[in-house]
Amino acid sequence: YCFKIYCHMIFRSIIIIEKYNMITIDELKSKIDKKSRLLGIDIGTKRIGISISDDKRLIAMPLKTVEHSSLNEFIKEIKYLVNENNIQGLIIGDPINMDGTKGKSSQSVKDKSIIINREVNIPIILWDERLSTVGAFNLSSQLDINVSKRVKKIDENAATFILQGALDYLNN
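For the structure given in this document, a descriptive report is provided here. Counting restarts for each chain, with residues numbered from 1 along the sequence as it is written. The predicted nature of this model means local features are confined to residues of pLDDT at least 70 and side-chain atom pairs, given and counted, to a pLDDT of 80 or more, with totals for whole chains, interfaces and linings taken over all residues. The basis for every side-chain value is the complete set of heavy atoms in the structure, and neither hydrogens nor water enter the calculation.

### A word on unusual backbone geometry
Worth spelling out the cut-off: Only DSSP runs of H or I covering at least 4 residues are called helices, and only runs of E covering at least 2 are called strands; the numbering of each starts at the N terminus. Burial here depends on accessible area, computed with a 1.4 Å probe over protein chains only, as a share of the maximum for the residue type. Under 20% is buried, over 50% is exposed, and the range in between is partly exposed.
One non-glycine residue, Arg57, adopts positive backbone phi at about 60 degrees. Mapped onto the fold, Arg57 is located in the loop between strand 3 (47-53) and strand 4 (60-67). Relative accessible area serves as the criterion here: at 14%, Arg57 is assigned to the buried category. Residues other than glycine seldom take positive phi values, yet Asn86 does so here, at roughly 55 degrees.

What follows is the structure, given as structure tokens:
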């Protein structure tokens, strides 16, 4: 149920920043190969969750959580993942406020996305991530995963939730 509500919110807010190779999801659809993968990224203040799609872009899977030590270290990690996994696009969660306005967190993610794009020259989409962490936490509770494991994996699960929303949009 929470996933359905979240998906409806996603469709309302897709951010376009063409100047920095950030494109709409519809433009991404026409630019990527049929056998390419996407990365989902949930940038937090302390940790960054990363998820990856299968090569048919049907299913998002949690990949890893990295500590947010420096943006340069994170960019090195992204470059490695892009090269090793045939990644042709990044779906980065945009923490838009619940009322649809953009706050400091959203601006911070946008700024980091621009820097990432300068170093990793593949299309980037900022995707509305409202309720992704809540959705990931609730979904893992329905799967009867204990609370300590849920909290430990929350960032990569939130990235998976973000990426799956984008994949569902791409496949409809």
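After presenting the structure, the write-up continues.
### Concerning the pairing of strand 6 (residues 124-128)
Applicable threshold: Any two strands with at least two DSSP-identified bridges between them are counted as paired. When the strands point away from the viewer and the connection leading from the first strand across the helix to the second strand turns clockwise, the crossover is called right-handed.
In terms of residue burial, strand 6 counts as a mostly covered element, since five of its five residues are buried. Burial along strand 6 is two-sided: Ile124, Leu126 and Asp128 facing one way and Ile125 and Trp127 facing the other are all buried. Sheet topology note: the strand 5 (residues 87-94)/strand 6 ladder contains five bridges and is parallel. Note on strand 6: the bridge partner recorded for Leu90 is Ile124. Note that the unit made of strand 5, helix 4 (residues 104-119) and strand 6 has a crossover that is right-handed.

### Quick word on the nonpolar core
Under the convention used in this document: To form a nonpolar core, buried Ala, Val, Leu, Ile, Met, Phe, Trp, Tyr and Cys residues must be joined to one another through side-chain atoms within 4.5 Å. Note on definitions: a residue-residue contact is assigned when non-hydrogen atoms from the two residues lie within 4.5 Å.
Counting 24 residues, the largest nonpolar core has Phe74, Ile78, Leu90, Ile92 and Ile116 as the members making the most contacts within it. Residue assignment for this core shows that the elements contributing at least two residues are strand 2 (37-43), strand 3, helix 3 (71-85), strand 5, helix 4 and strand 6. With six residues, helix 3 is the largest single contributor of residues to this core. Not counting residues up to four positions away in its chain, the partners in contact with Leu90 are Leu39, Ile41, Ile78, Ile116, Ile122, Pro123, Ile124 and Ile125. Among the nonpolar cores identified, the runner-up in size contains 14 residues, and Ile25, Leu38, Ala166 and Leu167 belong to it.

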